[in-house]
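Structure assessment
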Amino acid sequence: MSAGNWAIAVHGGAKDIPPGARAANEAGCRRALEAGAGVLRGGGTAVDAVEAAIRVLEDDPTFNAGHGAVPTARGEAETDAALMDGETLDIGAVAALRGVRNPVSVARLMLRDEPVLLVGEGARVYATERGAALARPGEMVAEGSDSRHDTVGCVALDTTGHLAAGTSTGGLAGTLPGRVGDSPLPGCGFYAEDGVGATALSGDGERIARTLLAAQVMRHLPDQGPQGAADAAIKRLARVGGEAGCIVLSPDGQVGWAHNSAQFAVGWVTSGSAGPAVRLEKGGDAAVTDEGTRDEKMAESRDTPAPKGVLAIIGGHEDRKGDRKILKEFARRLKGDRKVVLSTVASHEPEGYFDEYRRAFDDLDVRDLTELYVEDREEAGDKRTLDELDGVSGVFFSGGDQLRIHEKVGDTPVERLVRRIYERGGIVAGTSAGAAAMGETMLAGGPGGESHHVGDLKLAPGLGLLPGCIVDQHFAQRGRIGRLLAAVAQDPALLGIGIDEDTAIFVEGGSFEVVGNGAVYVVDGQGMTRTNIDRAREGELLSLCDVRLHVLAPGDRFNLDTRRPGSAPDLRESHEKEADAA
């Protein structure tokens, strides 16, 4: 993000959210975002924005913070909160605080004082002497809150480039009086530092504290970006077990988030986005406010049916002048009026891309090919831009820099319309950088051609059209097996897919077929028994054991649900035929 831009993200807790509580969680996160974003739009500080957003969450009994607190074994509510200024590294935190309406504001009062953390009666005396609003006994415990154990949090970047982070929690129901979890502990439940990033967490407090999870996020941020750092931290929690979720903000305003809980109420908005986005789980559809939006951006049901369309994910340098196997297959699968939009947003210099593809598609019955290019996120919400996507049969993302796809159209109306086209039966294709962006997590950087060294990998959020997968391209040609193995080692739940040049996978109905003139490599780490990625020093060689590798040729199929080939050749029969021929 350039100077003058801002960003903010909030979370309402890593937890189980029953269907009847989904709307309240979404609405609460949205109100918090509006409060914090209002501060930032007016030129306010990141610290002010974080406090404003968390106060809204504390005042909402939907969330276990402030007025939604839970009783201890003694029947009283004890709250914790913290606030950190990334510019000065000042911290204010309170724990086991009783009878104060907005604990985060007490943390704010402490921010410039010498104590970092005040506990129990000392915290209450401090709050009373500083004029904090008090609450009557029992007022802080919300009806039906006796079983909740989540936390709220916020991270923000202001227009001067400063960062802040904050948390607030109503505690753990039925616990011993005086119990303190991760929320008020720097490096555990939160942290912020200008030039590095900011994070806020929620989940099993003792386990988060034992693994210094916020510190893990900050350690990985410079090399892996906000999404990679979030994923790495949640993976680290497996060392001690438990559930958690984290939101992460980079110094340039990129947002990452991850969780291993059933749900995680998260929302974010930036100065370049059309409006706030709210999600209740990774891979879920965004519930977006109607600020400058269309009907297409309305929140969809959690039980959204499987997409009816096709993904064409191409490893780059597809043939555009000879037999054009991949482009012909793309054209064959077009439906309706066969209108196609070519998005050149990944390119720093898009001139020439459109004419080249226009010639390539000229005799393939693509009747209307138009170009879509946006300079910034604001243009991605412009009506004229969105009109280009109305009624199209296919969208084709060209090559360039995959980070530009995330920066320019990620979580914007353009992304949501592309998703809607796919869900309704259209075809969405991406080549090279466009291919890398198809997964929920995107491989954004890392050297090839050599064994992988820990710390070299860079990840970022993708378009999420191919959930549970991470895609790499120019695969054999640029020797990228090492970095794909590293991505899978970092998150074994991801299925790694490496695609050679002039090769594509056409994904439909939970499986894909290989088309073109090269190979596709599928890396499955679910059976992995050992890796050093979470403990090796930066620069050490990666090691991992018991990873399954599939190498697929054109015509082969692969089932993404079972993680098994769908039409692998019968090798025994092939060998028998070779013996007979000899």
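Residues numbered from 1 in each chain as written. Predicted model: local features only at pLDDT ≥ 70, side-chain atom pairs only at ≥ 80, totals over all residues. Heavy atoms only, no water.

A closer look at the overall build of the chain
Within the chain one finds 14 helices and 30 strands. Across the 582 residues that make up the chain, the buried fraction comes to 58%. Sequence-distant contacts, at least 24 apart, represent 70% of the contacts inside the chain between residues at least 6 apart. Accessible surface for the chain amounts to roughly 22,300 Å². Of this, 47% is attributable to carbon and sulfur atoms. (Helix = DSSP H or I, 4+ residues; strand = E, 2+ residues; numbered from the N terminus. Buried < 20%, exposed > 50% of the residue type's maximum accessible area, 1.4 Å probe, protein only. Contact = heavy atoms within 4.5 Å. Areas by Shrake-Rupley, 256 points an atom, 1.4 Å probe, with all protein chains shown as cover.)

Examining the sheet that holds strand β24 (residues 511-516)
Overall, mixed pairing links the nine strands, which are arranged β16-β15-β17-β18-β14-β23-β24-β29-β30 in an open sheet. If you trace the sheet from one side to the other, it starts and ends with β16 (368-372) and β30 (564-565), each paired once. Of the strand pairs in this sheet, β24 and strand β29 (residues 557-559) are connected by three bridges, and their pairing is antiparallel. Opposite S511, over in β29, you have N559 as the bridge partner. Sheet contacts for helix α11 (residues 413-423): β14 (310-314), β16, β17 (394-397) and β18 (427-431); angle to β17, the most-contacted strand, approximately 125°. (Pairing = 2+ DSSP bridges. Axes fitted to C-alpha atoms, helices over the stretch in contact; angles between N-to-C directions.)

A look at the packing of aromatic side chains
With the rule as written, the count across this model stands at nine aromatic pairs. Judged by centre distance (5.1 Å) and plane angle (50°), the ring pair of Y357 and F396 falls under tilted. Here Y357, found in helix α8 (residues 353-361), pairs with F396, found in strand β17; they are 39 residues apart in sequence, far enough to count as distant. Both residues of the pair, Y357 and F396, count as buried. (Phe/Tyr/Trp six-rings, centres within 6.5 Å; stacked < 30°, edge-to-face > 60°.)

Here we look at the sheet that holds strand β10 (residues 255-259)
With antiparallel pairing, the four strands of this open sheet are ordered in space as β7-β8-β9-β10. If you trace the sheet from one side to the other, it starts and ends with β7 (190-193) and β10, each paired once. The mean inter-strand angle of the sheet, taken between neighbouring strand axes irrespective of direction, is 10°. The sheet contact formed by strand β8 (residues 197-203) and strand β9 (residues 244-249) spans six bridges and is antiparallel. In the strand pairing of β9, G203 is matched with A244.

Regarding the pattern of salt bridges
Counting across every chain of the model gives 27 salt bridges. Between R333 and E508 there is a salt bridge, with its nearest N and O atoms 2.9 Å apart. Taken together, the residues span a long stretch of sequence, with R333 in the loop between α7 (325-332) and β15 (339-343) and E508 in strand β23 (residues 503-508) at a distance of 175 residues. For R333, a relative accessible area of 16% translates into the label buried. Judged by relative accessible area, E508 falls into the partly exposed class, the value being 36%. Within this structure, E329, R332, R333 and E508 form a network of salt bridges that share partners. (Salt bridge = Lys/Arg side-chain N within 4 Å of Asp/Glu carboxyl O.)

Considering the environment of A198
Structurally, A198 can be placed in strand β8. For the pair formed by A198 and V155, sequence separation is 43 residues and the distance between their alpha carbons is 6.0 Å. In this structure A198 touches V155, L163, A164, A165, Y191, A192, M218, L221, I247, V248 and L249, once residues within four positions along its chain are discounted.

Thoughts on the pairing of strand β5 (residues 151-157)
On any regular strand, side chains alternate: one points to one face of the sheet, the next to the other face. Across the seven residues of β5, seven count as buried, placing the element largely inside the fold. On β5, burial covers both faces: T151, G153, V155 and L157 on one face and V152, C154 and A156 on the other are all buried. Examined bridge by bridge, strand β1 (residues 7-15) and β5 share five bridges and lie antiparallel to one another. Across the sheet, A7 pairs through a bridge with L157, a residue of β5. The pairing of β5 with strand β6 (residues 163-169) spans seven bridges and is antiparallel. From the neighbouring strand, V152 faces β6, where its bridge partner is S168. Hairpin geometry of β5 and β6 is characterised by an intervening segment of five residues between the two adjacent antiparallel strands and by a positive phi of about 90° at G161.

Comments concerning the nonpolar core
Formed by 46 residues in total, the largest nonpolar core has its most connected members in I313 and F512. With five residues, α11 is the single largest residue contributor to this core. Leaving out residues up to four positions away in the same chain, F512 has contacts with I497, I505, F506, V507, V520, V522, L552, D556, R557, F558 and L560. Counting residues in each nonpolar core, the second largest holds 41 residues, with I54, L118, A123 and A164 among its members. (Core = buried A, V, L, I, M, F, W, Y, C linked by side-chain atoms within 4.5 Å.)

Section: the packing of helix α2 (residues 46-58) against helix α3 (residues 103-110)
Where α2 contacts α3, the axes come no closer than 8 Å and their chain directions differ by 155°. As far as their axial angle goes, α3 and α2 are roughly antiparallel. Together, V47, D48, E51, I54, R55 and E58 of α2 and P103, V104, S105 and R108 of α3 make up the contact between the two elements. (Parallel < 35°, antiparallel > 145°, perpendicular 65-115°, else oblique.)

Regarding the confidence of the model for the chain
Put simply, the chain has an average pLDDT of 86, and 90% of its residues get 70 or more. Across residues 284-304 the pLDDT falls below 50, and counting only partners more than four positions away or on other chains, this stretch makes 50 contacts in the model. When the criterion is pLDDT under 50, residues 568-575 qualifies, and its contacts beyond four places in sequence or with other chains add up to one contact. (pLDDT = per-residue confidence, 0-100.)

Observations concerning helix α1 (residues 22-41)
Compared with an ideal rise of 1.5 Å per residue, which puts 20 residues at 28 Å, α1 spans 28 Å between its outermost C-alpha atoms and is within 8% of the ideal. What α1 keeps buried is the set R22, N25, E26, G28, C29, R30, A32, L33, G36, A37 and L40. (Expected span 1.5 Å × (residues − 1).)

Digging into helix α6 (residues 213-236)
Turn by turn, an α-helix covers 3.6 residues, leaving residues three or four places apart pointing in a common direction. Over its 24 residues, α6 extends only 8 Å from the first C-alpha to the last, a length that falls short of the 34 Å expected when each residue adds 1.5 Å. Maximum bend of α6: about 135°, positioned at Q224, with proline P226 one to four residues after it. Within α6, 18 of the 24 residues are buried, leaving the element largely enclosed by the surrounding structure. (Bend = angle between axes of the 7 residues up to and from the residue.)

Section: unusual backbone geometry
Positive phi, normally seen in glycine, also occurs at R324, with a value near 50°. Within the secondary structure, R324 is located in the loop between β14 and α7. You will see that H474, though not glycine, has its phi angle at about 50°, which is positive.

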